[in-house]
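Each chain, letter by letter, is given below.
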Amino acid sequence: MAWHNTTALPLVSDVFDSSNSTVLYNSTTTLPLLAGPFNITNWQDSNSTSQYTYGGRVFVSISVLIISLIGITGNAIVLMAVALSCRLQTITNVFVANLSVADLLMCLCALPNAVIVLIRSSLPPSLENLCLTVAFLSPIAAGVMMFSIAAIAVNRMLLITKHATAYKKIYTACTLIPMVVIIWLAPIMLTTILLATGVGRLSYNINFHMCLDDNENPTSGLYKFLLAGILYPGPLTITLICYGIIYVFLWRHFKKERRVCSSVRILTTTSSPEPNQAEPIFSIATDKLRKERIHKHQIQITKNLFIVSCVCFLLPLPNCVFLMLGLDNLFLYGVIFLFANSAVNPLLYGARHPMFKDIMLCILRHRWADIPEPSRLLKALLSRGK
């Protein structure tokens, strides 16, 4: 049932129900991202009933709260590590840092849902604007996470399979900035276009007790299907193709290396025992082993990032399936895995990444002077502290 509020609500535009074009409420101020063609449903629909028990919502709320706090702390440490050490200021870590920013945004969006929304039976009017913002930013943050993982996979593929000169020509300061902008722009444009064309409607969802889209809107299913169907399978396909190419390349590379090493051993045993003749052979073998060690270092980093990619795509998988199949009775529990995705990544960096691990430990122990290859920012902070 439509209602009219005579008190102006800040940051919300005049809103119309798309089904009957009646005014739900009026406002004097507009929120740029959510105004105009965006349709927003009534916050407190007395005819709607929740599909979940209060105990179930409390369990999800506590789980999401804990995950969000871990994710905010962990991703903040990852960003600090990149900012404070030149060792981590690599091309790949531009996308890693971008992923951490998206994870941080996702955790910040999760907090209002966990603390305020999930355990309440209705949304207070004072929180309407916050809920709208969370409902708009959540799919954008999830999309940026997926596209960042795909960008990391493409980066590792080019680093492993291409010559260093070609790699540096592709990734320059002039190309990295547009790449990051595109990663953010793609999910922003998708979400904006869907809402602007009437596909989906931002709201406090009384069924899920979350800031999402209006589940009673006729286009709600299409909105969820398009978001899950575009933001998930595309980046997943790119990631799988890239790591598949890396696997085939490395398999051929090490197969060739084994043949070369066997040839060197045979040549060494059949060559003249005189030192001046044997020395070039050992020099070639030593040079190859040195290059192989450097290559293995990059391979180890690629393996760790592949594990991060697997976790990033596996954890949101239940929710994407629930959204695309319309399994609303399971959606709320899948939210736990969706938000856990943002908290797991920093833990994986700290446990497995050879460069992140040491620097993150220094930050946790407040041993700022022990951070290797300090950046200008860290040097300036240390100089001020003296």
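Residues numbered from 1 in each chain as written. Predicted model: local features only at pLDDT ≥ 70, side-chain atom pairs only at ≥ 80, totals over all residues. Heavy atoms only, no water.

Colleague: Explain the overall build of the protein to me, please; I cannot follow it from the model alone.
Modeller: The helix and strand inventory of the protein stands at twelve helices and four strands. Here the protein has roughly 19100 Å² of accessible surface; of this, 68% comes from carbon and sulfur atoms. (Helix = DSSP H or I, 4+ residues; strand = E, 2+ residues; numbered from the N terminus. Areas by Shrake-Rupley, 256 points an atom, 1.4 Å probe, with all protein chains shown as cover.)

Colleague: What is the right way to read the environment of Leu222 from this model?
Modeller: Tracing the chain through its elements places Leu222 in helix H6 (residues 220-231). The exposure class assigned to Leu222 is partly exposed, which follows from its relative accessible area of 44%. Residues Leu222 and Gly200, spaced 22 residues apart in sequence, show a C-alpha to C-alpha distance of 7.4 Å. (Buried < 20%, exposed > 50% of the residue type's maximum accessible area, 1.4 Å probe, protein only.)

Colleague: Sorry, what's going on with the nonpolar core here?
Modeller: In a soluble, globular protein the nonpolar side chains are often hidden away together inside. With 89 residues, the main nonpolar core has Met210, Phe339, Tyr349 and Phe356 as its most contacted residues. In terms of residues, this core owes the most to one element, helix H3 (residues 128-161), which gives 17 residues. Not counting chain neighbours up to four residues away, the residues in contact with Phe356 comprise Val78, Ala81, Val82, Leu88, Asn93, Val96 and Tyr349. (Core = buried A, V, L, I, M, F, W, Y, C linked by side-chain atoms within 4.5 Å. Contact = heavy atoms within 4.5 Å.)

Colleague: When you look at the pairing of strand S4 (residues 210-213) in this model, what are you seeing that I'm missing?
Modeller: The side chains of a regular strand alternate, first on one face of the sheet and then on the other. Pairing of strand S3 (residues 202-205) with S4 involves four bridges; the strand directions are antiparallel. Note on S4: the bridge partner recorded for Asn205 is Met210. Taking the residues between adjacent antiparallel strands as the criterion, S3 and S4 are bridged by four residues, where His209 takes a positive phi near 55°. (Pairing = 2+ DSSP bridges.)

Colleague: Looking at this structure, I do not really get the packing of aromatic side chains. What am I missing?
Modeller: The geometry of two aromatic rings is summed up by the distance between their centres and the angle between their planes. For the structure shown, the criterion picks out four aromatic pairs. Their ring planes at 45° and their centres at 5.1 Å tell us that Tyr167 and Tyr171 sit as a pair that is tilted. An aromatic cluster is defined as three or more aromatic residues linked by ring pairs; in this entry it consists of Phe95, Tyr167 and Tyr171. (Phe/Tyr/Trp six-rings, centres within 6.5 Å; stacked < 30°, edge-to-face > 60°.)

Colleague: Any chance you could explain the packing of helix H1 (residues 54-84) against helix H11 (residues 354-364) here in plain terms?
Modeller: The relative placement of two packed helices comes down to the angle between their axes together with the axis-to-axis distance. Between H1 and H11, the least distance of the axes is 9 Å, while the angle of their chain directions is 105°. For the element pair H1 / H11, the angle class is roughly perpendicular. In contact with Ile77, Val78, Met80, Ala81, Val82 and Leu84 of H1, H11 contributes Phe356, Ile359, Met360, Ile363 and Leu364. Across the contact of H1 with H11, the residue classes tally to eleven nonpolar, no polar and no charged. (Axes fitted to C-alpha atoms, helices over the stretch in contact; angles between N-to-C directions. Parallel < 35°, antiparallel > 145°, perpendicular 65-115°, else oblique. Nonpolar A, V, L, I, M, F, W, Y, C, P; charged D, E, K, R; others polar.)

Colleague: What is the right way to look at H3 in this model?
Modeller: Along its 34 residues, H3 runs 50 Å from first to last C-alpha, staying within 8% of the 50 Å computed at 1.5 Å per residue. Of all 34 residues in H3, 26 are buried, a share of seventy percent or more. (Expected span 1.5 Å × (residues − 1).)

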